Amino acid sequence: MRKTGKFLPVCVFIVGICFVGASSCPAAETSVFHSYPPAEWSYQGNDVPETYWTPWLPLGSQQLTRYRIGFRFSTGTIAVKCPVKLTFKYDPVNAQSGKDLPIKVKAELVSANYKTFESAFGLHLPNEFQVGFVGITGVPDFLPWYTLPWDLCEILGSIPGLPDAVTNKVTVVCSAIENLGVNMNTQDALPLPGEAAYHDTRTLLDLKLTDFMTDAQKDKFVQDVGIKFFNGISGKLGPDKMDDLLFVVQLAKGLDEAGATEFVTDKCISAAGKFVDLANVTVIGDPYFKVEGVELNLLMRMYITNGKGSGTYPLTFTSSGQEQTITFRDITPFVQAGDKLVVVADEINYRFKLKQCLKPIIKISVLPQINIDTYEKYVTLATAKKIVNESEFKVEVPLSPSNEPIQGLRANPGCTSAQVNWTSPIVPLKGTIKVYQGNTLVKTVTENTFKAAHNNIITDLIKQTTYRFELSGVTESGQTIQGGSITTTTRQTCNPREQIATCNTLNLSSTPTAAAGQNYADFSWTTNERASTEVLISPAPDLSANYVACVKKENGQINQGWVTQGGVRELVTSHSIRINDLEPGTKYYYNVVSWTFKNNNPTDNPINRVGYVGEITTQAMPEQPSMRVSVSHQNQAVADATVNITKVGDASYRASLVTPTNGMTQQFMVEAGKSYVFKVVNSGCYQDYTSPAVFIPANAQGEQSSFTINLLAKPIVGAHVYDTAGSPVAGATASFSGNTTTTNGSGYYSFGDVRPSSNVSISISKAGYLTGQVDGKVGSCGRTRTFTINNCVLKKNEGIIDAYVKKQDSTAVAGATVYVKKGSQTVGFAPTDSQGKASIAVAFTTPNEQTFSVTATPPTSLTAATPATETVKLAPEGRQSVYLAFIVAPPDTQGPTVSDVNFNQPNGN
């Protein structure tokens with residue numbers, strides 16, 4: 001049998017597909033394409049913020065304070081939508097049974113009328129101040145920098161007396177600094193390979209206080225901030241370190257404690273004045289995302305309608321526009337009109353890397369521009385996914401059957417066996433396989449029935465040995481067809497048979513039962529979920545390598561061997577299946593199997609599998625009953641008659657036997673307790689015959705009484721009689737040798753079952769027609785004779801002569817008498833009418849053309865006229881015109897001659 005796939009001892013099943021190779025002849029490719037809805041991905045939730053700082057910016061002449069700005073990424077919504085266009089190409093010449101069908105798939109990432117990438121993320125700009133006595137003449141740098149618990153917005157917001165315009169601007173700017181929203185998007189195609197950056201460059205901070213402050217306000221601002229700095233330093237250092245600071249200043253500057261305090265206060269006020277000196281602080285940000293395309297993954301699925309093969313194919317594309325080929329191998333030989341190979345994309349996945357980036361620039365009016373390094377933050381390696389519904393788009397490739405009598409020859413080696421698979425989908429064959437080791441014939445295997453799907457397991461072979469298998473098949477009529485040869489080498493090791501009682505949620509609810517008859521085995525079991533009903537069976541112990549797959553379809557049909565013959569697997573919880581065509585008295589190894597499938601669709605991907613292994617021996621065959629069929633006609637034996645034999649209730653059983661000269665078929669086996677029907681059809685000489693059902697007793701053994709068929713000869717077919725216009729002639733008499741019959745309304749006649757011993761001539765006659773003759777031919781046909789008669793066409797037995805009579809002045813002569821003679825015998829006459837015309841019918845006795853003389857005698861009114869005579873030729877059913885002129889001479893006048901008369905013949909007469 002043809003395997004559905006190789007079973008693995010795990011719950012994942014990789015399906016191979018039956019597809020067929022490309023033709024060597026060039027042909028026009030068929031191309032179809034479809035743009036799919038996008039594969040989608042979105043990022044939810046925020047990462048732990050990570051802060052990146054600028055270098056310290058100088059405040060207070062790098063003596064007392066310094067300032068820096070940071071930026072922190074906070075991820076918000078990010079969405080990727082990846083539309084994909086797939087183009088499929090294939091050569092229709094290869095869409096045929098017994099071939100492999102390559103299908104090219106080109107994947108392109110395309111633009112869209114929606115956002116293929118969009119993002120919104122928060123950008124937080126923290127800032128901080130530090131204080132420290134650095135670079136003050138005479139004061140050692142004995143203290144570190146101390147970070148104050150304030151930021152720029154807090155300092156600005158604490159200045160009293162600012163105008164409302166300044167306060168409002170500070171509020172707005174500081175709010176923007178806290179969380180600057182950045183949004184970016186595109187409708188362009190996403191990159192594959194390489195990367196694309198999506199920018200949103202903008203000014204993040206632009207602050208200038210001097211435009212809003214009077215000199216008095218500036219002075220007050222400096223005093224207030226200076227005091228705030230001093231108090232902040234004092235609070236940060238604490239009493240002891242503050243005393244140390246003042247003591248150092250006293251020593252360095254030669255001041256008392258009050259003078260040192262005033263010196264430090266002046267420094268704080270000087271540092272605060274730098275806020276005014278800064279005048280304008282601008283922060284420009286170039287936030288962007290980078291999307292780097294890694295690969296595009298497709299999960300393709302192909303299947304033949306009506307359950308004749310399926311499989312899945314993963315594809316990976318590393319560039320847009322790349323083309324790959326998937327091949328559906330070994331299209332089932334059981335293709336019929338209307339079958340199609342369906343190609344669908346089940347999943348589309350776009351894998352990409354995502355990075356979040358910011359490039360800041362700090363501009364301070366009293367300092368040169370400060371360019372900060374770009375910081376890229378790797379966000380994720382993500383996959384945009386699309387589950388495609390088959391109803392959305394599918395490619396349907398029409399399939400055509402091959403006209404080869406033997407198709408799909410394959411050989412699969414086991415360790416001590418080999419399986420030879422082949423089909424004869426056009427005509428059932430009984431196969432014979434000769435097994436050769438080198439040039440030595442080591443085994444011959446012959447099937448016991450005629451069938452279309454063949455799975456021959458050759459046993460008792462030697463490991464690691466090369467064998468050649470030569471195939472031939474015989475039809476039911478005895479014609480031999482050569483199937484070619486194939487070579488394979490047996491294996492050294494084979495996997496053990498598998499037994500899996502539980503796979504994920506699927507399990508065998510009961511231990512399978514098996515019972516065998518002489519040529520069949522019945523199996524039954526249950527599962528806790530709806531699953532397929534399958535049994536793998538083999539006479540060889542290396543069951544995992546060679547077996548016949550038997551699958552039950554939802555219509556109750558059981559496909560043995562080539563499960564791609566058609567039909568969808570049944571999915572049930574209570575399983576039963578009968579396997580036929582087994583050899584009596586033979587041990588078989590079996591594996592009971594049940595599969596579940598994705599979406600409960602047997603043409604989709606398998607998911608879980610459970611199984612049970614065992615052995616069973618069929619019952620030995622007693623002496624099988626047999627019989628013969630005798631064929632005769634009128635008690636004479638009929639040779640060369642083909643007797644077709646069928647078994648009632650078993651559509652798979654068919655046999656044909658040809659009778660020899662004695663009319664008795666060879667002996668053939670029958671099954672006790674079964675009924676058989678014998679037919680002789682299309683024999684040529686005899687009528688078709690179908691016997692009643694012949695029952696073989698349940699206890700029958702040995703040869704039974706022969707069955708006699710008495711054939712009747714085919715009835716004699718008559719003939720038709722038509723006239724020359726093609727119309728049937730009814731009432732015509734047909735006769736030969738004392739046999740007489742009459743045509744019916746359709747012109748048809750028959751002599752019944754009269755069969756002359758030799759050819760005859762049949763006479764056909766009817767009044768008004770010439771008598772016709774046709775041949776009746778006699779032929780030999782088996783024990784009887786054939787009698788075929790040609791159709792006959794009858795001609796009417798008369799013709800018409802139209803005579804036109806005028807005077808020499810071309811005036812018509814009425815009342816003249818026109819006579820038609822054959823020789824001296826008058827065969828017809830008629831007077832002319834007012835137009836000078838007379839039509840005379842002439843009878844014929846033969847179909848030959850004849851010559852007639854036509855004479856016109858003048859009426860009494862033309863006593864001076866002379867009769868006129870012409871000759872004319874006429875055939876049966878013919879019509880001829882003749883023209884006659886009277887010469888009338890006035891007294892003492894010479895009249896014109898006949899040649900002077902103008903008849904002015906109308907209408908070509």
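Per chain, the residues get numbers from 1 upward, laid out in the order the sequence is written. Local features in this predicted model are restricted to residues whose pLDDT is 70 or higher, and side-chain atom pairs enter the listing and the counts only when it is 80 or higher, whereas totals over whole chains, interfaces and linings include all residues. As a rule here, side-chain values cover all heavy atoms of the structure and leave hydrogens and water aside.

1. Things to note about the overall build of the protein chain
Elements are defined by DSSP. Helices are runs of H or I of four residues or more, strands are runs of E of two residues or more, and each kind is numbered from the N terminus. The helix and strand tally for the protein chain stands at four helices and 60 strands. Note on exposure labels: buried denotes an accessible area under 20% of the residue type's maximum, exposed denotes more than 50%, and partly exposed covers the range between, all computed with a 1.4 Å probe on protein chains only. Out of the 909 residues in the protein chain, the part that is buried amounts to 46%. Working rule for contacts: check all heavy atoms of both residues, and any pair within 4.5 Å makes them a contact. Long-range contacts, defined here as pairs at least 24 residues apart, represent 70% of the contacts in the protein chain between residues at least 6 apart.

2. Let's talk about the sheet that holds strand β57 (residues 837–843)
A pair of strands counts as paired when DSSP detects no fewer than two bridges linking them. Read across the sheet, three strands follow the order β57-β54-β60 without closing on themselves; strand pairing throughout is mixed. Two strands close off the open sheet at either side, each with one partner strand: β57 and β60 (879–886). Ignoring which end each strand starts from, the neighbouring axes of this sheet average 25 degrees apart. Only the stretch in contact is used when fitting a helix axis, every axis being a line fitted to C-alpha atoms; angles between N-to-C directions are given from 0 to 180 degrees.

3. A look at helix α3 (residues 215–253)
Each helix should span, by expectation, one fewer than its residue count multiplied by 1.5 Å. Given a rise of 1.5 Å per residue, 39 residues ought to cover 57 Å, yet the end C-alpha atoms of α3 are separated by just 32 Å, more than 12% below that figure. A residue's bend is simply the angle between two axes: one fitted to the seven residues ending at it, one to the seven starting at it. Most pronounced at G238, the bend in α3 amounts to some 115 degrees, and the proline P239 follows within four residues. Downstream of α3 by a residue or two, G254 has a phi angle that is positive, lying close to 65 degrees.

4. Comments concerning the side chain of S656
By the secondary structure assignment, S656 is in strand β40 (residues 650–658). Assessed through its relative accessible area of 11%, S656 is described here as buried. Between N or O atoms, a polar contact is any pair within 3.5 Å; within protein, one atom must be a potential hydrogen donor and the other a potential acceptor, and residues adjacent in sequence are included only when both atoms are from side chains. Separated by 2.7 Å, the side chains of S656 and N644 make a polar contact. Ignoring sequence-local partners within four residues, the contact set of S656 consists of E476, S477, T642, V643 and N644.

5. Considerations on the sheet that holds strand β45 (residues 707–710)
An order of β38-β37-β45 is seen for the three strands of this open sheet, with the pairing classed as mixed. Every other strand in the sheet has two partners, leaving β38 (636–637) and β45 as the edge strands with one partner each. Pairing between strand β37 (residues 629–633) and β45: four bridges, direction parallel. By the bridge assignment for β45, V629 is matched with F707.

6. Focus: the state of the cysteines
By convention in this document, the label disulfide applies to cysteine sulfur atom pairs within 2.5 Å. Applying the stated criterion across every chain yields a total of two disulfides. Covalent S-S linkage joins C415 and C494, the inter-sulfur distance amounting to 2.2 Å. Judged by the torsion about the S-S bond (120 degrees), the C415/C494 disulfide is right-handed. Taken as a pair, C415 in the loop between β19 (407–413) and β20 (418–423) and C494 in the loop between β25 (480–489) and β26 (502–503) lie far apart in primary sequence, 79 residues in all. With relative accessibility at 6%, the residue C415 sits in the buried group.

7. Here we look at the environment of I696
Take I696: it is sitting in the loop between β44 (694–695) and β45. Sequence separation between I696 and M627 is 69 residues, and the spatial gap between their C-alpha atoms is 9.7 Å. Beyond its immediate stretch of four places on either side in the chain, I696 contacts P625, M627, V670, E671, A672, G673, K674 and Y676.

8. Section: the packing of aromatic side chains
Classification of ring pairs uses Phe, Tyr and Trp, with its six-membered ring standing for Trp, and accepts pairs whose centres are within 6.5 Å; under 30 degrees between planes counts as stacked, over 60 as edge-to-face, and the remaining range as tilted. Tallied over the entire structure, the rule returns 15 aromatic pairs. Pairing Y653 with Y676 gives two aromatic rings, centres 5.8 Å apart and planes at 75 degrees, and the pair type is edge-to-face. Separated by 23 residues along the polypeptide, Y653 in strand β40 and Y676 in strand β42 (residues 675–680) bring together distant segments of the chain. According to the relative accessible area criterion, Y653 is buried, its value standing at 18%. For Y676, a relative accessible area of 1% corresponds to the buried category. Seen in terms of ring centroids, F668 and F678 are 6.1 Å apart; in terms of plane orientation they differ by 70 degrees. Their pairing is edge-to-face. Taken together, the residues span a long stretch of sequence, with F668 in strand β41 (residues 668–669) and F678 in strand β42 at a distance of 10 residues. Across the pair, F678 and F668 agree in class, each one buried. Ring pairs connect the aromatic residues F736, Y749, F751 and F787, which therefore count as one cluster.

9. Overview of unusual backbone geometry
Residue P193 is reached from L192 by a cis peptide bond, and omega for that bond is -5 degrees. The phi angle at Q464 is positive, at roughly 50 degrees, despite the residue not being glycine. In this structure, Q464 sits in the loop between β23 (453–458) and β24 (466–474). Backbone geometry at D640 places phi at a positive 60 degrees, although glycine is not the residue there. Given the relative accessible area of 64%, D640 is considered exposed.

10. Details of the pattern of salt bridges
By convention in these notes, a salt bridge is any Lys or Arg side-chain nitrogen within 4 Å of a carboxyl oxygen on Asp or Glu. On inspection of all chains with the given rule, the structure shows 21 salt bridges. Residue E534 pairs with R569 through a salt bridge whose shortest N-O separation is 2.9 Å. With a gap of 35 residues between them, E534 in strand β30 (residues 534–538) and R569 in the loop between β32 (558–560) and β33 (572–579) connect regions that are remote in the sequence. Here E534 matches R569 in class, with each residue buried.

11. Overview of the confidence of the model for the protein chain
Per-residue confidence from the predictor is given as pLDDT, running between 0 and 100. Across the protein chain, pLDDT averages 82, with 79% of residues at or above 70. Confidence over residues 1–26 falls short of pLDDT 50; this stretch has 107 contacts with residues more than four positions distant or in other chains. Throughout residues 892–909 the model reports pLDDT below 50, and contacts reaching past four residues in sequence, or to other chains, amount to 22 contacts.

12. Observations regarding a negative patch on the surface
Excluding any residue in a salt bridge, patches collect residues exceeding 30% relative accessible area, merging like charges within 9 Å and nonpolar Val, Leu, Ile, Met, Phe, Trp and Tyr side chains within 5 Å. In short, Shrake-Rupley with a 1.4 Å probe defines the accessible areas, and a residue's cover is counted only from the protein chains shown. Counted as positive: Lys and Arg. Counted as negative: Asp and Glu, with His and the chain ends omitted from the count. A charge is said to be at NZ when it belongs to Lys, at CZ for Arg, at CG for Asp and at CD for Glu. Where like charges cluster on the molecular surface, the negative patch consists of D240, D243, D244, D256 and E257. Per element, the largest residue contribution to the negative patch is three residues, and it comes from α3. Within the element layout of this structure, D243 appears in helix α3.

13. Side note on the pairing of strand β46 (residues 719–723)
Looking down a regular strand, the side chains alternate between one sheet face and the other. Residues A719, V721 and D723 line the buried face of β46, whereas the alternating positions H720 and Y722 sit on a face that is not buried. Bridge count between β46 and strand β49 (residues 748–749): two bridges; the pairing is antiparallel. The residue bridging A719 from the neighbouring strand is Y749, located in β49.

14. What to know about the environment of E623
With respect to the secondary-structure elements, E623 resides in the loop between β35 (606–617) and β36 (626–627). Classification of E623 as exposed rests on a relative accessible area of 54%. The sequence separation of E623 and M669 amounts to 46 residues, and the corresponding C-alpha distance is 9.9 Å. The contacts of E623, once residues within four sequence positions are left out, are Q701 and G702.

15. Regarding the side chain of T87
Structurally, the position occupied by T87 is in strand β4 (residues 65–90). Since its relative accessible area comes to 7%, T87 is described here as buried.

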